[in-house]
Amino acid sequence: MRMIIRDVRIWDGTGAEPFAGEVLVDGNRIVSVAPRPARLPDAGARVIEGGGATLMPGLVEGHAHLTFCGMPRSTDLGEIPPEEHTLATMHNARVLLDAGFTSAFSAASAKLRLDVVIRNEIEAGRIPGPRLRAASPEITVTGGLGDENRLHATRSSFGLIADGPDEIARTVRLCAREGVDTIKINVSGDGPIRAAKSDMTVMREAEARMACEVAHDFGCRVAAHARASSSVLRSLACGVDVVYHCELADARALDALEAARDHVFVGPAIAPIHNALHDPGPQGVPEDPARIADLERCLASAQRAYGEMRRRGIRVVIGGDYGFVTTPQGTNARDIALFVKLFGYSPSEALQCATRIGGELMELDVGLVKPGFLADLIIVDGDPLEDVRILADTSRLRLIMQDGRIHKDTLAARQA
Ligand SMILES: [Zn+2]
């Protein structure tokens, strides 16, 4: 099926200035992008009139957790039975596509097969959702983030516990056998309370190295949870492909990230920290002063680190850790405004993090409005370069197209 989208302002994802023009889609690919006054032949094509709205690439969530369903405690994710959890994940996939996210790179699945089955159903066209790179649960050492056990009680969350290179190798192979695209490892700790804190690097070098070697043997990529500066350095030294958080990165870690910028991606996943302080919703700001002080420290560190990463041309993706109470699924596009507000990105730069760079992370022809690329497009009412916040308002998304199929269309379409 051929479709011509006319009368749109095209922002193509490269960072070039938008231009008035039209786009021809044939099947699931973009065939032509023509600036005005060129007119594409419309014989036999369905014509979509854009009414002067902005056409841009579909958004890419760079640190998705489709299996996270807004629950207060991480052990809640262990307690939901697989049947309900599958349905909740399917629902979240739709919510994300409704929000304009045509692709998502998962940063962990709470249960091993959830991301995999949802990815397969989306790929088969049986359920709506973003193109998904499916991840493993968070592979973690005893006492690390994702180990919620107590001596007297077994409690699961989103972690798979493995200690020593041999157990790590077996766990990575198990996840690869079950079909994941990405292996997630927790190299640093998290937060101020648990045994493994944010500034601690608790996965041994031999363990992280084994995870990367085995994952790469199976054609999987590796994403690391790495807050501490030493955990960023260890992740890079061991061959990790995506490094998440990194807010405590010091000059040495930033140098190492810069040296790896052609093959490594970084994602701050800043929303839970920002929102807990500045946009907490009904639950309000945390009461514990120590918790507030820690969040403020994290936010300030992240602002320093990501301002520097922007300056050094490190590839940073938007999104991350949506699916908690303060970060509802479907509000992920608010991250674009956080990049502008917190890290000093221009609107065009932040939008590139949400499209072109996310597309590079997906290793798919997505994230650009370009002939030959997959037809993953959105049409937005207004100018996102003038105010990136409009992308977080789903009522402004007039059209969502994925793989050449229209998922949402509130423009008046007519047959030519
Ligand atoms: Zn995460």
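Basis of the calculations
Residues numbered from 1 in each chain as written. Predicted model: local features only at pLDDT ≥ 70, side-chain atom pairs only at ≥ 80, totals over all residues. Heavy atoms only, no water. Helix = DSSP H or I, 4+ residues; strand = E, 2+ residues; numbered from the N terminus. Rg over C-alpha atoms; globule rule 2.2 N^0.38 Å. Buried < 20%, exposed > 50% of the residue type's maximum accessible area, 1.4 Å probe, protein only. Contact = heavy atoms within 4.5 Å. Areas by Shrake-Rupley, 256 points an atom, 1.4 Å probe, with all protein chains shown as cover. Lys, Arg positive; Asp, Glu negative; His and termini not counted. Charge placed at Lys NZ, Arg CZ, Asp CG, Glu CD. Pairing = 2+ DSSP bridges. Salt bridge = Lys/Arg side-chain N within 4 Å of Asp/Glu carboxyl O. Donors = N, O, S within 2.8 Å, 3.2 Å for Na, K, Ca; no water. Axes fitted to C-alpha atoms, helices over the stretch in contact; angles between N-to-C directions. Parallel < 35°, antiparallel > 145°, perpendicular 65-115°, else oblique. Left-handed = near helix turned anticlockwise from the far one by under 90°. Nonpolar A, V, L, I, M, F, W, Y, C, P; charged D, E, K, R; others polar. Phe/Tyr/Trp six-rings, centres within 6.5 Å; stacked < 30°, edge-to-face > 60°.

In this section: the overall build of the protein chain. Along the backbone of the protein chain there are twelve helices and 18 strands. In terms of overall size, the protein chain behaves like a compact globule, its C-alpha atoms giving a radius of gyration of 21 Å where 416 residues would be expected to give roughly 22 Å. Its C-alpha atoms put the protein chain at 70 × 45 × 40 Å along the principal axes. Evaluated residue by residue, the protein chain yields a buried proportion of 56% over its 416 residues. The long-range fraction of contacts in the protein chain, counting pairs at least 24 apart against all pairs at least 6 apart in sequence, stands at 68%. Total accessible area computed for the protein chain in this model is approximately 16100 Å², and 51% of it derives from carbon and sulfur atoms. Across the protein chain, the mean location of the 47 positive side-chain charges is 2 Å away from that of the 56 negative side-chain charges.

Of the two faces of strand β15 (residues 377-380), the one lined by L377 and I379 and the one lined by I378 and V380 are each fully buried. The sheet contact formed by strand β5 (residues 54-57) and β15 spans four bridges and is antiparallel. Bridging from a neighbouring strand, L55 pairs with I379 of β15. Alignment of β15 against strand β16 (residues 397-402), held across four bridges, turns out to be antiparallel. Paired with I379 across the bridge in β16 is L399.

By the definition in use, this model includes 35 salt bridges. When the shortest N-O distance is used, the salt bridge between R6 and E22 registers 3.4 Å. With R6 in strand β1 (residues 2-10) and E22 in strand β2 (residues 19-26), this residue pair connects regions lying 16 residues apart in the sequence. E22 shares its class with R6; the two are buried. Between R126 and E121 there is a salt bridge, with the nearest N and O atoms lying 2.9 Å from each other.

So, about the coordination of the zinc ion. Looking at the metal site, the zinc ion is ligated by H63 (NE2), H65 (NE2) and D321 (OD), spaced 2.0 to 2.1 Å from it. Along the chain, the residues donating to the zinc ion are arranged with the sequence spacing H-x1-H-x255-D.

Here the focus is the packing of helix α6 (residues 229-238) against helix α7 (residues 251-259). It is at 9 Å that the axes of α6 and α7 come closest, and there the two elements cross at 30°. Regarding the angle of α6 to α7, the classification is roughly parallel. Here the hand of the crossing between α6 and α7 comes out left-handed. Every residue of α7 that contacts α6 at S229, V232, L233 and L236 is listed here: R252, A253, A256 and L257. Along the lines of polarity and charge, the residues of the contact of α6 with α7 split into six nonpolar, one polar and one charged.

Evaluation of the coordinates by the stated rule reveals five aromatic pairs. Put simply, the rings of Y306, F339, F343 and Y345 pair up and form one aromatic cluster.

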